Amino acid sequence: MSRRGMLTGAAAVGAAAVGAAGVVGLEGRSQAATVPAAKREPVELTWFGTHAWQLKCGKSVVLTDPWLTRFKTGTFTPEGADPKTKLVIKPEVIDKHLSTADAILVHHGHYDHMADVPYVAKKTQATVLCTETHANLLRAMRTPNELLSPVRGGEYLPFDGFSIEVFPSLHSCSGKRHTYAYPGYRYDVPQRPRVIEDLVEGGTLAFVITIGGLRILSLSTANFDPNALRDLQVDVIFAAPGGEPGITDRLLQTIKPVRKVIATHWDDFDKPLDDPGIPWTDLTPLRQSVERTGAEFVVLDHLQQVTL
């Protein structure tokens, strides 16, 4: 699929999703004994590239992995990322798009998920849900300790206007040895991270955000923990490419059927946020995995919004 064709299709699908507001309803909910029923209200989703999402319903705002600065690393070049690339935070870029938040969900500790979190957390005073490793890295980056809420998976956390369920998850692996970049944990507060390899994975989490009566499963990579998500029932999934064939199919067989899957983390994040997204991989296999189940596949472009 060409980039032009993909983005044209993305706009059409996004428009269709907006037109279908209210279609995804309460009948797809799970864990009824734990999660109280909520009246369906419009939920506005905005994609800031990578796995940076803003979920807004009324006055409630939830952010996932809010990384908007986007500096050049070489990640998608034949040589790959330079691990000594300096971490950069651009407040003027963040301030242009983000003003408030109630919760920030950190899915794993890599720079393209967590580098902007200290600034965003201090700006918004939002609660940051993360692993203990992520918390130690964020403390080293001068994030106020009172904003940090380390979690492990299994938590059900009610907030004013929404709730968060936390699940253990897994980072995607690739290559002959099935590895991923910058593994490791930090059991104490380290020296302040200066380059991208300092921000280690530190454990991966998945989250279910229930907001406006809509249940959204947020996955930051293609991989997942099947034992944690077995028979989970949600309305929408944020799903990343790179797990086909096999992993995405297995995900959609593990959880209850869903109506909508929204592609995430598909763009070359060396490119500016104000430019249209450029895919780092072909989204056709992910689309096919989703559509085989009868679910709708949605692709948004940078800064595009959809209301469900």
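Before reading further, recall that the structure is shown in the block above.
The paragraphs below set out a description of the structure included in this document.

About the criteria used
- Residues numbered from 1 in each chain as written.
- Predicted model: local features only at pLDDT ≥ 70, side-chain atom pairs only at ≥ 80, totals over all residues.
- Heavy atoms only, no water.
- Buried < 20%, exposed > 50% of the residue type's maximum accessible area, 1.4 Å probe, protein only.
- Helix = DSSP H or I, 4+ residues; strand = E, 2+ residues; numbered from the N terminus.
- Pairing = 2+ DSSP bridges.
- Salt bridge = Lys/Arg side-chain N within 4 Å of Asp/Glu carboxyl O.
- Core = buried A, V, L, I, M, F, W, Y, C linked by side-chain atoms within 4.5 Å.
- Contact = heavy atoms within 4.5 Å.
- Axes fitted to C-alpha atoms, helices over the stretch in contact; angles between N-to-C directions.
- Parallel < 35°, antiparallel > 145°, perpendicular 65-115°, else oblique.
- Left-handed = near helix turned anticlockwise from the far one by under 90°.
- Nonpolar A, V, L, I, M, F, W, Y, C, P; charged D, E, K, R; others polar.
- Phe/Tyr/Trp six-rings, centres within 6.5 Å; stacked < 30°, edge-to-face > 60°.

1. Description of the pairing of strand β3 (residues 60–64)
- Among the 5 residues of β3, 5 are classified as buried, and the element is accordingly described as predominantly covered.
- Side chains of β3 alternate between two faces, with Ser-60, Val-62 and Thr-64 and Val-61 and Leu-63 buried alike.
- Judged from the 5 bridges that link them, strand β2 (residues 53–57) and β3 form a sheet pairing that is antiparallel. Paired with Lys-56 across the strands is Val-61, a residue of β3.

2. Thoughts on the pattern of salt bridges
- One pass over the full model with this rule turns up 9 salt bridges.
- A salt bridge links Asp-267 to Arg-70; the shortest N-O distance between them is 2.9 Å. With Asp-267 in the loop between β12 (260–263) and α8 (284–292) and Arg-70 in the loop between β3 and α2 (91–97), this residue pair connects regions lying 197 residues apart in the sequence.
- On the accessibility criterion, Arg-70 (5% relative accessible area) is buried.
- Measuring nitrogen to oxygen at the nearest pair gives 2.3 Å for the salt bridge that ties Glu-197 to Lys-84. Placement of the pair is Glu-197 in the loop between β8 (162–169) and β9 (204–211) and Lys-84 in the loop between β3 and α2, with a sequence separation of 113 residues.
- We classify Glu-197 as partly exposed; its relative accessible area is 26%.

3. Quick look at the nonpolar core
- Core analysis: the biggest nonpolar cluster contains 51 residues, and Leu-45, Leu-55, Leu-217, Leu-229 and Ile-237 have the highest contact counts within it.
- With 6 residues, β9 is the largest single contributor of residues to this core.
- The contacts of Leu-55, once residues within four sequence positions are left out, are Glu-44, Leu-45, Ser-60, Val-61, Val-62, Thr-64, Ile-209, Ile-211, Ile-216 and Phe-238.

4. Observations regarding the packing of helix α7 (residues 247–254) against α8
- Two numbers describe how α7 lies on α8: the axes approach to 9 Å, and their chain directions differ by 25 degrees. When the interaxial angle is binned, α7 and α8 end up roughly parallel. Remark: the crossing between α7 and α8 carries right-handed chirality. Residue-level inspection shows Thr-248, Asp-249 and Leu-252 of α7 in contact with α8, the latter providing Leu-286, Ser-289, Val-290 and Arg-292.
- A class-by-class count of the residues in the contact of α7 with α8 yields 3 nonpolar, 2 polar and 2 charged.

5. Regarding the sheet that holds strand β5 (residues 127–130)
- Sheet architecture is open: 7 strands sit in the order β6-β5-β4-β3-β2-β1-β14, paired in mixed fashion. A single partner strand is all that each edge strand has here, and the edge strands are β6 (148–150) and β14 (305–307). The sheet shows a mean angle of 20 degrees between the axes of neighbouring strands, direction not considered.
- Each of β5 and β6 touches helix α5 (residues 132–140); the most contacted strand, β6, lies at about 155 degrees to it.

6. Comments concerning the packing of aromatic side chains
- In the structure shown here, the tally under the stated rule is 12 aromatic pairs.
- Between Trp-67 and Tyr-111, the aromatic rings sit 5.9 Å apart at their centres with planes inclined by 85 degrees, giving edge-to-face as the arrangement. Taken together, the positions of Trp-67 in the loop between β3 and α2 and Tyr-111 in helix α3 (residues 111–114) put the pair 44 residues apart, joining distant regions of the chain. For the pair Trp-67 and Tyr-111, one class covers both residues: buried.
- An angle of 15 degrees between the planes, with centres 5.8 Å apart, marks the rings of Phe-76 and Trp-280 as stacked. Here Phe-76, found in the loop between β3 and α2, pairs with Trp-280, found in the loop between β12 and α8; they are 204 residues apart in sequence, far enough to count as distant.
- Residue Phe-76 is classed as partly exposed on the basis of its relative accessible area, which comes to 30%.
- Grouping aromatic residues by their ring pairs yields a cluster made of Trp-67, Phe-71, Phe-76, Tyr-111, Phe-269 and Trp-280.

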